[in-house]
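# Inside the fold
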Amino acid sequence: MRYGVVSRGFHWLTVLLVFTMIPVGLIMTQDLPRSIQNPLFILHKGLGVVVLVVVALRLGWRAFNPPPPLPAAIPAPQRLAAAATHAGLYALLMVMAVSGYVRVTAGGFPIELLVAFGVPPLLAENEPLAETAKAVHAAAAFALIGLVSVHVAAASYHGIVRRDGVFSRMWPPFSA
Ligand code: HEM
Ligand code: HEM
């Protein structure tokens, strides 16, 4: 039993977005010429808003289309570990997107993608709030990198070592 095509599409779209967001975030915060840094910031902020929308839609879809049952042979502690990891990944994605949004808008900076669509900032300028959001964003980024590593290791273990059908629950991304 595998995830439906929409759930798989959401999963691999999220992977593409997050595997772009993390390196761009890490690179753009280095000491770089403005001509390189500015477009990276614009890309990071815009794609970050896309992550927020995609994860919200994905959780909405999931509420009405729950995951298929795992193979019966998977022991209870592993089921619990998988559920906890997945909940942590969803939570960290939301924390990253919201803290990024707060850091930028409370800092008084624009999110060019939202400006282009005429969406006004939801927060007034507030430097202490922006600084808190910045610290949360940086800490959660490292937690996310750690949890994604654990998740990819587990997925590879199922796909390469165990070959127990868990990997093909989420693969391939598109075919029915
Ligand atoms: C899943 C979504 C996101 C991921 C994985 C992500 C990842 C990262 C990473 C790894 C960094 C570097 C960590 C640091 O040194 O601070 C960073 C920094 C940053 N991100 Fe994000 N980000 C996300 C969403 C957003 C959003 C939605 C915005 C704003 C609209 C945003 C704005 C920023 C800004 C402004 C910085 C620089 C922080 C600073 O030093 O002032 N991010 N992000
Ligand atoms: C940015 C990186 C990633 C994130 C944020 C992420 C997130 C998630 C989440 C939240 C789920 C749970 C789906 C649900 O039940 O709603 C999941 C499932 C899954 N992911 Fe990922 N994932 C990432 C990368 C990967 C990669 C690179 C692989 C493959 C190497 C992978 C393989 C899987 C598999 C096989 C499942 C299904 C597990 C099961 O059947 O219980 N993921 N992923």
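These remarks concern the structure in this document.

Thresholds, definitions, all that
- Residues numbered from 1 in each chain as written.
- Chains lettered and ligands numbered in written order.
- Predicted model: local features only at pLDDT ≥ 70, side-chain atom pairs only at ≥ 80, totals over all residues.
- Helix = DSSP H or I, 4+ residues; strand = E, 2+ residues; numbered from the N terminus.
- Buried ≥ 20, exposed ≤ 12 C-beta atoms within 10 Å, placed from the backbone.
- Near = placed C-beta within 6 Å.
- Nonpolar A, V, L, I, M, F, W, Y, C, P; charged D, E, K, R; others polar.
- Axes fitted to C-alpha atoms, helices over the stretch in contact; angles between N-to-C directions.
- Parallel < 35°, antiparallel > 145°, perpendicular 65-115°, else oblique.
- Left-handed = near helix turned anticlockwise from the far one by under 90°.
- Contact = placed C-beta atoms within 7 Å.
- Expected span 1.5 Å × (residues − 1).
- Core = buried A, V, L, I, M, F, W, Y, C linked by C-beta atoms within 7 Å.

Let us look at the environment of A63. By secondary structure assignment, the location of A63 is in helix α2 (residues 34-64). The exposure class assigned to A63 is exposed, which follows from the 8 C-beta atoms found within 10 Å. C-alpha separation for the pair A63 and P33, spaced 30 residues apart in sequence, amounts to 45 Å.

Another aspect to go through is unusual backbone geometry. The amide bond that connects W171 to the next residue, P172, takes the cis arrangement and shows omega of 0 degrees. With respect to the helices and strands, the residue P172 is situated in the segment after α5 (127-162). The backbone of R163 sits at a positive phi, close to 45 degrees, despite the residue not being glycine. Here R163 shows up in the segment after α5.

Looking now at the site of ligand 2. As a structural note, the neighbourhood of ligand 2 is formed by 20 residues, with V18, H86, A155, R169 and M170 the closest of them. Elements with a minimum of two residues in the shell around ligand 2: α1 (5-28), α3 (76-106) and α5. A class-by-class count of the residues in the shell around ligand 2 yields 13 nonpolar, 5 polar and 2 charged.

The next subject is the packing of α2 against α3. Where α2 contacts α3, the axes come no closer than 9 Å and their chain directions differ by 140 degrees. Considered as vectors, α2 and α3 are oriented oblique to each other. Every pair of crossing elements has a handedness; the one defined by α2 and α3 is left-handed. Residue-level inspection shows K45, G48, V51, L52, V55 and L59 of α2 in contact with α3, the latter providing Y90, L93, M94, A97, G100, Y101 and V104.

Right, let's get into the site of ligand 1. Neighbouring ligand 1 are 24 residues; G25, G48, G100, A138 and A141 lie closest to it. Breaking the shell around ligand 1 down by element, the ones donating at least two residues are α1, α2, α3 and α5. The biggest single contributor to the shell around ligand 1 is α3, with 7 residues. Taken together, the residues of the shell around ligand 1 sort by class into 15 nonpolar, 6 polar and 3 charged.

Between the first and last C-alpha of α5 there are 51 Å, a value that for 36 residues agrees with the 52 Å anticipated at 1.5 Å per step. Among the residues of α5, A133, H137, A140, A141, L144 and H158 are the ones counted as buried. Two residues or fewer past α5, R163 is found with a positive phi of approximately 45 degrees.

Moving on to the nonpolar core. Ranked by internal contacts, the top residues of the largest apolar core, which has 16 residues, are V51, L93, M96 and A97. Listing elements by their share of this core, those giving two or more residues are α1, α2, α3 and α5. Take this core: its biggest share by element is 7 residues, from α3. Apart from the residues lying within four places of it in its own chain, the contact partners of M96 are H137, A140, A141 and L144.

The next subject is the packing of α3 against α5. Between two packed helices, what matters for the description is the angle formed by their axes and the separation of those axes. Where α3 contacts α5, the axes come no closer than 8 Å and their chain directions differ by 155 degrees. By the angle between their axes, α3 is roughly antiparallel relative to α5. In terms of crossing hand, the pair formed by α3 and α5 is left-handed.

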